[in-house]
Amino acid sequence: MLSTESFLDYLLYERGYSAGTVGYYRTDVQELQKFVEENVGDLAPSEVDAGLVREWIVSMMDEGYAASTINRKLSSVRSYYKYLLRKGEVAVDPLRKVTGPKCKKPLPVFLKESEMNRLLDDVDFGEGFKGCRDHLIIEMFYATGMRLSELVGLDDKNVDFSASLIKVTGKRNKQRLIPFDEELRVSMQEYVGVRDEAVPEHGEAFFVRENGERVSRAVVTNVVKRNLSKVVTVKKRTPHVLRHTFATTMLNHDAELGAIKELLGHESLATTEIYTHTTFEELKKVYNQAHPRA
């Protein structure tokens, strides 16, 4: 009978895993062995069945283990049994039909409307070309919900002022049209005027740097992070937070989920539905703060 140590040696010397990672595998496999011993007795690995593994999962859930932790432990044990199968020590993998608990997806981080209003209306972005450009970058993310790559890749030809439409190229080169309102039109036209005067030598890119080159992802990310820091304290201050804020604001103002899906360029409605959970969490928070019996 192969010992657990031979499996750990295999991970360490043949797979090249670090000693720390191998330590996790050791702990996880030993925890299952301890559970089996305490509840059934001293069984060989070949005698452990799916039912016992499921009972182990339930016991970990009862103890308050996070779903991600349980799934990591199951992954370790799966690797152990795959090793035993290859060595002929077991005929059946007891985990082949066992699924771990679903990990709860973290809710998207977003800004409140009051925070966005303060950012766009009260925060000083500075004078001249850079200030005008940086303000528009924030405003465009919030007004359109476009992705970082879509904003960076925007060209002058993609903005149709007469039709009030922006054409963006999203994931897998799929193009979509995003409408914009009069307020954003004024801001964009003001920026174009300032840009063309301050940076007369520039290419086809809509958003450019002082040298006329297209803005990079790093430049835009830094603009967002720096300016969001002026109104919020949340750790996550990225362009994607503004995309989430756009979607949440639209939903809070009674936009249909299908319309938000099209505006965001989501493949599946299920992806967009995460925002319904976001707004419900906000609703629960308001209820708990306001209701006298909550």
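The structure contained in this document is the topic of the report that follows. (Residues numbered from 1 in each chain as written. Predicted model: local features only at pLDDT ≥ 70, side-chain atom pairs only at ≥ 80, totals over all residues. Heavy atoms only, no water.)

A word on the environment of Leu228. When you line up the elements, Leu228 lands in helix 9 (residues 217–228). Judged by relative accessible area, Leu228 falls into the buried class, the value being 0%. Aside from chain neighbours lying at most four places away, what touches Leu228 is Leu111, Leu119, Ile138, Arg237, Thr238, Val241 and Leu242. (Helix = DSSP H or I, 4+ residues; strand = E, 2+ residues; numbered from the N terminus. Buried < 20%, exposed > 50% of the residue type's maximum accessible area, 1.4 Å probe, protein only. Contact = heavy atoms within 4.5 Å.)

Now for the pattern of salt bridges. Applying the stated criterion across every chain yields a total of 15 salt bridges. One salt bridge in this structure joins Arg147 and Glu150, with 2.7 Å as the shortest N-O distance. Between Asp196 and Arg195 there is a salt bridge; the shortest N-O distance is 3.0 Å. For Asp196, a relative accessible area of 34% translates into the label partly exposed. Through salt bridges with shared partners, a single network forms among Asp28, Glu31, Arg72 and Lys73. (Salt bridge = Lys/Arg side-chain N within 4 Å of Asp/Glu carboxyl O.)

Moving on to helix 4 (residues 67–86). Since the α-helix turns once every 3.6 residues, residues separated by three or four places project in the same direction. Its 20 residues place the ends of helix 4 29 Å apart at the C-alpha level, agreeing with the 28 Å of an ideal helix rising 1.5 Å per residue. Check the buried side of helix 4 and you find it contacts helix 1 (4–14), helix 2 (19–39) and helix 3 (50–62). One or two steps after helix 4, the chain reaches Gly88, where phi turns positive at roughly 75°. (Expected span 1.5 Å × (residues − 1).)

Summed over all chains, the structure comprises eleven aromatic pairs. Pairing Phe206 with Phe207 gives two aromatic rings, centres 5.0 Å apart and planes at 85°, and the pair type is edge-to-face. For the pair formed by Phe206 and Phe207, the shared burial category is buried. We note Arg195 situated over the ring of Phe206; from NZ or CZ to the ring centre the distance is 5.8 Å. Seen from the ring of Phe125, Lys230 lies directly overhead, with NZ or CZ sitting 5.7 Å from the centre. (Phe/Tyr/Trp six-rings, centres within 6.5 Å; stacked < 30°, edge-to-face > 60°. Lys NZ or Arg CZ within 6 Å of the ring centre and 35° of its normal.)

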